Each structure stands twice: as C-alpha cells, then as structure tokens.
Amino acid sequence: MNLNDLPSDPRRPSRRRFLQTSATAAGAATLGSLGLASGVHAAGDDIIRLGLIGCGERGTGAAIQAMNADAGVKIVALADVFADHVERCRGKLRQAKPDQTAVDDDHCFAGFDAYRKVIDSGVDGILIACSSRFHPDYLTAGVEAGKHVFVEKPHAIDPPGVHRVLAACEEARKRKLSVGDK
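Residues numbered from 1 in each chain as written. Predicted model: local features only at pLDDT ≥ 70, side-chain atom pairs only at ≥ 80, totals over all residues. Heavy atoms only, no water.

**Comments concerning the environment of Ile75**
Consideration 1: Tracing the backbone shows Ile75 in strand 2 (residues 73-80).
Consideration 2: By relative accessible area, Ile75 is classed as buried at 0%.
Consideration 3: Taking C-alpha positions, Ile75 is 9.0 Å from Ile64, a pair spaced 11 residues apart along the chain. (Helix = DSSP H or I, 4+ residues; strand = E, 2+ residues; numbered from the N terminus. Buried < 20%, exposed > 50% of the residue type's maximum accessible area, 1.4 Å probe, protein only.)

**Topic: the pattern of salt bridges**
Consideration 1: Scanning the model with the defined rule gives 11 salt bridges in all.
Consideration 2: For the salt bridge of Glu152 with Arg58, the shortest nitrogen-to-oxygen distance reads 3.2 Å. Here Glu152 is found in the loop between strand 5 (148-151) and helix 7 (159-174), whereas its partner Arg58 is found in helix 3 (residues 57-69), with 94 residues between them in sequence.
Consideration 3: Classification of Glu152 by relative accessible area gives buried; the value is 12%.
Consideration 4: For Arg58, a relative accessible area of 36% gives the class partly exposed.
Consideration 5: Of the charged contacts, one joins Lys117 and Asp113 as a salt bridge, the two residues approaching to 3.7 Å between their closest N and O atoms.
Consideration 6: Taking the relative accessible area as the measure of exposure, Asp113 reaches 40% and is therefore partly exposed.
Consideration 7: Each of Glu87, Arg90 and Asp105 takes part in salt bridges that share partners, so that together they form one network. (Salt bridge = Lys/Arg side-chain N within 4 Å of Asp/Glu carboxyl O.)

**Focus on the packing of helix 6 (residues 135-144) against helix 7**
Consideration 1: Relative orientation of the contacting elements helix 6 and helix 7 amounts to 15°, with a least axis distance of 9 Å. If you check the angle between helix 6 and helix 7, you find them roughly parallel. Here the hand of the crossing between helix 6 and helix 7 comes out left-handed. Residue-level contacts link Pro136, Asp137, Leu139, Thr140 and Val143 of helix 6 to Gly161, Arg164, Val165, Ala168, Glu171 and Ala172 of helix 7.
Consideration 2: Considered class by class, the residues forming the contact of helix 6 with helix 7 number 6 nonpolar, 2 polar and 3 charged. (Axes fitted to C-alpha atoms, helices over the stretch in contact; angles between N-to-C directions. Parallel < 35°, antiparallel > 145°, perpendicular 65-115°, else oblique. Left-handed = near helix turned anticlockwise from the far one by under 90°. Contact = heavy atoms within 4.5 Å. Nonpolar A, V, L, I, M, F, W, Y, C, P; charged D, E, K, R; others polar.)

**Considering the environment of Arg49**
Consideration 1: One can find Arg49 in strand 1 (residues 48-53).
Consideration 2: Among the residues examined, Arg49 registers a relative accessible area of 26% and is labelled partly exposed.

**Considering the pairing of strand 5**
Residues in a regular strand point their side chains to alternate faces of the sheet.
Consideration 1: Here strand 5 shows no split at all, with His148 and Phe150 on one side and Val149 and Val151 on the other all buried.
Consideration 2: Note that strand 4 (residues 125-128) and strand 5 share 4 bridges and pair parallel. Opposite Leu127, over in strand 5, you have Phe150 as the bridge partner.
Consideration 3: In this region the chain leaves strand 4, passes through helix 6 and returns to the parallel neighbour strand 5; the handedness of that crossover is right-handed.
Consideration 4: Sheet topology note: the strand 5/strand 6 (residues 179-180) ladder contains 2 bridges and is parallel. (Pairing = 2+ DSSP bridges. Right-handed = clockwise from strand over helix to strand, strands pointing away.)

**Concerning the nonpolar core**
Consideration 1: Ranked by internal contacts, the top residues of the largest apolar core, which has 26 residues, are Ile53, Val118, Ile126, Ile128, Leu139, Val143 and Val149.
Consideration 2: When residues of this core are traced back to their parent elements, those giving at least two are strand 2, helix 5 (114-119), strand 4, helix 6, strand 5 and helix 7.
Consideration 3: With 5 residues, the top contributor of residues to this core is helix 7.
Consideration 4: Ignoring any residue separated from it by four or fewer positions in sequence, one finds Val118 in contact with Gly51, Leu52, Ile53, Ala77, Leu78, Ala79, Phe109, Val123 and Ile126. (Core = buried A, V, L, I, M, F, W, Y, C linked by side-chain atoms within 4.5 Å.)

Shown next as structure tokens:
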C-alpha cells in the first residue's frame, strides 16, 4: 500500500496543508499591495528610497530588479549579518546602476541588528531578501515602522511565522502600506 492511498486526518498537519497556509499568506501579502511605485514617493520628490536587508546574491539581484523597475528608485541603505556581503553588494550595485546606488558608508550596516538600522535610516521602503527564517520578523518590524515592504518568498518557514506574516499584512492594509512579493 502506498502512503498516498491512505485517508488523511483533517486535524493532522501535513505538508500540503502547510503549503496551502503559506500560499494564503502570500495571497494576503499581495492583496495588501497598493503598488510600490505609486504609493512610496515622498511628498514633492520623485525618488523612492529603498533599503536592502540581505546582501547575498539574491538580495543584490532583487535590488537591481527594483532599480530596473523605475528610474526613480534609489538604493540608499544596505544590511546583512556579514560586513563583507554589504561591501560586495554595494560594489555590484554601483557597477550595475551607478546613478541609482546612493549608499554612503554610514548607511552600510552589519550584524544581527542591521535590519533595524536600515528601517530607521529614512528609507521609504525595504527589500527583504535574507534567510527565510527572518522574513516574518523583518516584515513585522518594517510595517510597525510605517515602511512599504517587498519580501522574497517564502514568507515564512513554519506555521507561527505564517501567522505573523498574516498579522503584519493585515496591519499594513490598515495603515495603507504596500506589502509585495514576486
């Protein structure tokens, strides 16, 4: 007998139910989106100032994609646990989009609290592209600070994280903040 042929107990957690819950969280995040380009501009300014949390290859790629989306997007702050990742990312961003990379030394943050420093650095929005384990925490912190947030998938890796993502998306909706993913 194959395990797939066994009847499933609807009360018992399964991988399929977890993925369905995660998909619901992703849908909630998308529904909360108001359109980053139309809702992030500061009054009287056509520049969208974004901070990147997670300066690995995926984070660097996400920042370049954001800058490709609109000429008014500037990356102004970077955060990662490792300082060498921040410097490598800044170099790649400057090489790819020199006119849209405006990351001064005092806006390069490293360490476990670096995400908080990006959020508090005067950015209009944040890009979260770090280890998935931290996505719910950083998303919640960004929304609580009144920032628009783009968070890479997966949004969470466990049911408590999914619940935190859903709560953060509901709070973002109340505050008319954008929460997006790709």
